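Summary of the model geometry
Spelled out, the chains give:
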Amino acid sequence: MRKSEIAARRPAGLALLLAAGWACGWLAAPARASRETRRTPVVAAVESAGPATVNITSTQVVVDQANPFVRGDPFFDEFFSRFMNPRASTAQSLGTGVIINRDGFVLTNEHVLAGATQIRVGLSDGRQFDAELIGGDPATDLAVVRVKTGEPLPTPKLGDSDDLMIGESVIAIGNPFGLNSTVTTGVLSAVNRSIRGDGREYHGFLQTDASINPGNSGGPLLNMDGEVIGINTAILGNAQGIGFAIPINRARRIVDDLIQHGEVQPAWLGVFLQELTPALRDAMGSAQSSGVLVSNVFAGTPAATAGVQRGDIVTSLEGGRAKLGLDRSGKKLELEVAAEKFPEARADELAQVLLGLDLADRSPALARKYGLSADRGLVVQHVVPHSAAQERGIRPGDLILQLGQDRVDDRGALRKAIPKILGQDGVVVVVQRGRSFGSVMLELW
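Everything numeric in this text was worked out from a predicted model, so none of it was measured. (Residues numbered from 1 in each chain as written. Predicted model: local features only at pLDDT ≥ 70, side-chain atom pairs only at ≥ 80, totals over all residues. Heavy atoms only, no water.)

Here's the deal with the overall build of the protein
Each helix and strand counted, the protein has 12 helices and 26 strands in total. Here the protein, with 445 residues, has 41% of them falling under the buried criterion. In the protein, 58% of the contacts between residues at least 6 apart in sequence involve partners at least 24 apart. Split by element, the accessible area of the protein, about 23200 Å² in all, is 51% carbon and sulfur. (Helix = DSSP H or I, 4+ residues; strand = E, 2+ residues; numbered from the N terminus. Buried < 20%, exposed > 50% of the residue type's maximum accessible area, 1.4 Å probe, protein only. Contact = heavy atoms within 4.5 Å. Areas by Shrake-Rupley, 256 points an atom, 1.4 Å probe, with all protein chains shown as cover.)

Remarks on unusual backbone geometry
Despite not being glycine, Ser-181 shows a phi value in the positive range, around 55°. For Ser-181, the location among the structural elements is in the loop between strand S8 (169–174) and strand S9 (182–197). Residue class for Ser-181 comes out partly exposed when judged on its relative accessible area of 42%. Phi at Ser-329 takes a positive value of approximately 55°, unusual for a residue other than glycine. Of note, Ser-329 is situated in the loop between strand S18 (321–328) and strand S19 (331–338). Ser-329 sits in the exposed class, given a relative accessible area of 81%.

Considering the side chain of Thr-301
Turning to its location among the elements, Thr-301 is positioned in the loop between strand S16 (292–297) and helix H8 (302–306). Exposure remark for Thr-301: the relative accessible area of 1% places this residue in the buried category. A polar contact of 2.6 Å, which involves the side chain of Thr-301, links it to the backbone oxygen of Phe-298. Every residue in contact with Thr-301, bar those within four places of it in the chain, is listed here: Trp-268, Leu-269, Gly-270 and Arg-346. (Polar contact = N/O pair within 3.5 Å; in protein donor to acceptor, adjacent residues only side chain to side chain.)

Quick word on the packing of aromatic side chains
By the definition in use, this model includes 3 aromatic pairs. When the centroid spacing of 6.4 Å and the interplanar angle of 80° are considered together, the rings of Phe-205 and Phe-244 count as edge-to-face. One end of the pair, Phe-205, is in strand S10 (residues 200–208); the other, Phe-244, is in strand S13 (residues 243–247), and 39 residues separate them in sequence. Like Phe-205, the residue Phe-244 is buried in the burial classification. Pairing Trp-268 with Phe-342 gives two aromatic rings, centres 5.3 Å apart and planes at 85°, and the pair type is edge-to-face. Of this pair, Trp-268 sits in strand S14 (residues 267–268) while Phe-342 sits in the loop between strand S20 (340–341) and helix H9 (347–355); the two residues are 74 residues apart in sequence, bridging distant segments of the chain. Using a relative accessible area of 5% as the deciding quantity, one classes Phe-342 as buried. Against the face of Phe-205 rests Arg-250, its NZ or CZ located 5.6 Å from the ring centre. (Phe/Tyr/Trp six-rings, centres within 6.5 Å; stacked < 30°, edge-to-face > 60°. Lys NZ or Arg CZ within 6 Å of the ring centre and 35° of its normal.)

Description of the pairing of S13
Of all 5 residues in S13, 5 are buried, a share of seventy percent or more. Note: strand S12 (residues 227–233) against S13, 4 bridges, orientation antiparallel. Within S13, the residue paired with Ile-231 across the bridge is Ile-246. (Pairing = 2+ DSSP bridges.)

Looking at helix H12 (residues 411–421)
Listing the buried residues of H12 in full gives Leu-414, Ala-417, Ile-418, Pro-419 and Ile-421. Those residues of H12 hidden inside the fold are in contact with H9, strand S21 (357–361), strand S22 (378–383), strand S23 (399–403), strand S24 (406–407) and strand S25 (426–433). Between the side-chain oxygen of the N-cap and the backbone nitrogen of Gly-412 there are 3.1 Å, and the N-cap of H12 in question is Asp-410.

Section: the pattern of salt bridges
Tallied over the entire structure, the rule returns 16 salt bridges. Between Asp-327 and Lys-332 there is a salt bridge whose closest N-O contact spans 3.0 Å. Judged by its relative accessible area of 55%, Lys-332 is exposed. (Salt bridge = Lys/Arg side-chain N within 4 Å of Asp/Glu carboxyl O.)

Quick word on the environment of Phe-298
Within the element layout of this structure, Phe-298 appears in the loop between S16 and H8. Distance in space between the C-alpha atoms of Phe-298 and Leu-269 is 9.0 Å, their sequence separation being 29 residues. Excluding anything up to four places from it in sequence, Phe-298 contacts Trp-268, Gly-270, Val-271, Phe-272, Ala-304, Arg-346, Glu-349, Leu-350 and Val-353.

Observations concerning the packing of H9 against H12
It is the contact of H9 with H12, at a shortest axis distance of 9 Å, that shows an interaxial angle of 55°. The angle between the axes of H9 and H12 places the two elements in the oblique class. Viewed along their axes, H9 and H12 form a crossing whose handedness is left-handed. Two secondary-structure elements touch here, H9 through Ala-347, Asp-348, Leu-350, Ala-351, Leu-354 and Leu-355 and H12 through Arg-411, Leu-414, Arg-415, Ile-418 and Ile-421. Its residues placed into classes, the contact of H9 with H12 shows 8 nonpolar, no polar and 3 charged. (Axes fitted to C-alpha atoms, helices over the stretch in contact; angles between N-to-C directions. Parallel < 35°, antiparallel > 145°, perpendicular 65-115°, else oblique. Left-handed = near helix turned anticlockwise from the far one by under 90°. Nonpolar A, V, L, I, M, F, W, Y, C, P; charged D, E, K, R; others polar.)

A closer look at the environment of Gly-230
Among the secondary structure elements, Gly-230 is positioned in strand S12. Apart from the residues lying within four places of it in its own chain, the contact partners of Gly-230 are Leu-206, Gly-219, Pro-220, Leu-221, Ala-245, Ile-246, Pro-247 and Ile-248.

A closer look at the nonpolar core
Across soluble globular proteins, nonpolar side chains show a tendency to be buried alongside one another. If you look at the biggest cluster of nonpolar residues, it comprises 29 residues, and the most contacted ones within it are Leu-355, Leu-357, Ile-394, Ile-400, Leu-403, Ile-418 and Ile-421. Of all the elements, H9 adds the most residues to this core, at 5 residues. Apart from residues lying up to four places away in sequence, Leu-357 is in contact with Ala-351, Gln-352, Val-380, His-382, Val-383, Val-384, Ala-389, Ile-394 and Ile-400. Among the nonpolar cores identified, the runner-up in size contains 24 residues, and Val-144, Leu-222, Ala-251 and Leu-258 belong to it. (Core = buried A, V, L, I, M, F, W, Y, C linked by side-chain atoms within 4.5 Å.)

Here we look at the environment of Asp-375
Following the sequence through the fold, Asp-375 ends up in the loop between helix H10 (364–370) and S22. Between the C-alpha atom of Asp-375 and that of Arg-362, which follows or precedes it by 13 residues, the distance is 7.6 Å.

So, the confidence of the model for the protein
Averaged over every residue, the pLDDT of the protein is 83; the share at 70 or more is 82%. Per-element confidence in the protein is highest for strand S11 (residues 220–222), whose mean pLDDT is 97, and lowest for helix H1 (residues 3–24), whose mean pLDDT is 49. Throughout residues 3–10 the model reports pLDDT below 50, and contacts reaching past four residues in sequence, or to other chains, amount to 2 contacts. Scored below 50 in pLDDT, residues 67–72 shows 9 contacts in the model against residues more than four places distant or in partner chains. (pLDDT = per-residue confidence, 0-100.)

So, in structure tokens, the structure goes:
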């Protein structure tokens with residue numbers, strides 16, 4: 001037989017040989033693990049909570065104003081929206097949420113829905129629903145929407161974020177970059193983590209190395225039992241391999257307020273906190289490496305009654321009946337403080353303490369005294385010496401029109417705005433003097 005014939009017949013002969021080997025059993029097929037063997041705790045957790053994880057698409061109207069002056073100032077913006085023929089377009093943002101009960105309420109991040117005019121919720125099984133915004137809280141970056149459907153919806157188990165161990169495995173589910181139902185795993189790296197962003201300091205976050213990317217915001221962080229222990233949030237930019245989540249126990253109280261009232265009812269302990277900087281630690285001779293400093297305790301408040309003192313370092317804060325972990329000159333203490341609803345009657349006092357301003361409702365008498373032309377806003381009657389307000393040039397007779405994101409047409413509006421700035425390092429205040437407007441940043445005391 002010629003070599004060419006042997007070469008041509010070799011594949012067929014080899015195939016026959018292998019077939020005979022399979023038939024005789026001396027060439028065994030590679031073993032395959034059963035599905036039950038491959039169903040690890042991660043798989044089981046995702047199967048349990050995955051169907052309750054949704055993708056959220058929100059649509060916002062974006063107005064292009066050819067404003068050559070102060071962008072973001074509400075008064076210039078209103079002027080140009082009326083007279084400069086602004087062009088409107090729409091934009092969409094993507095995020096994640098988790099269904100928290102069978103009534104169709106979905107928990108997500110507030111920044112996912114900011115400015116939304118239309119909200120769509122998509123389930124992992126392909127069902128799509130319109131949703132309405134129930135309420136949102138920028139201070140905690142949490143929001144609740146409600147799915148409009150009479151169909152049954154899957155719900156997850158909610159865990160206990162106070163019962164966590166550093167190093168335990170965790171799972172994040174979300175829609176990063178529009179990739180629906182993406183699963184990432186990691187470990188719990190830290191609890192009670194404080195981070196800075198948007199001009200203020202946020203406290204009490206869970207930290208994980210499970211990948212959390214744009215689009216993951218609002219999705220669940222799970223333990224190995226498939227229980228939701230946190231709500232993922234992309235709050236720290238340029239954090240490679242570091243993700244943060246809002247503990248579910250804290251989110252529960254926020255959710256209850258949002259569902260019942262559409263907004264968070266401010267809890268009042270009666271303390272003012274500030275960042276514990278390295279310089280402050282050195283000046284106090286403290287070895288405490290984390291926490292926030294109690295810079296003021298208001299008389300007659302829950303914190304004062306519980307025994308909290310100025311100069312204490314808060315190292316932990318848990319629950320509605322708050323358990324405060326304190327460091328007092330190196331001694332570890334734990335005090336229980338019964339938080340109460342913010343007393344609006346103290347808003348004037350806090351305006352003086354925080355802003356350095358004594359404010360009054362506009363009246364005919366004050367209008368004549370200061371020659372006021374505007375018909376809205378709070379009148380500055382007194383500026384606290386050496387305060388940030390005095391340093392920024394605010395003076396008696398000025399009108400305060402806006403505090404942060406809130407218009408303050410009268411003291412009733414002030415009482416609702418003051419609780420929202422507690423804990424911030426500073427706030428933007430819109431001031432009117434005569435016919436001129438300006439925005440100034442005031443550092444809070």
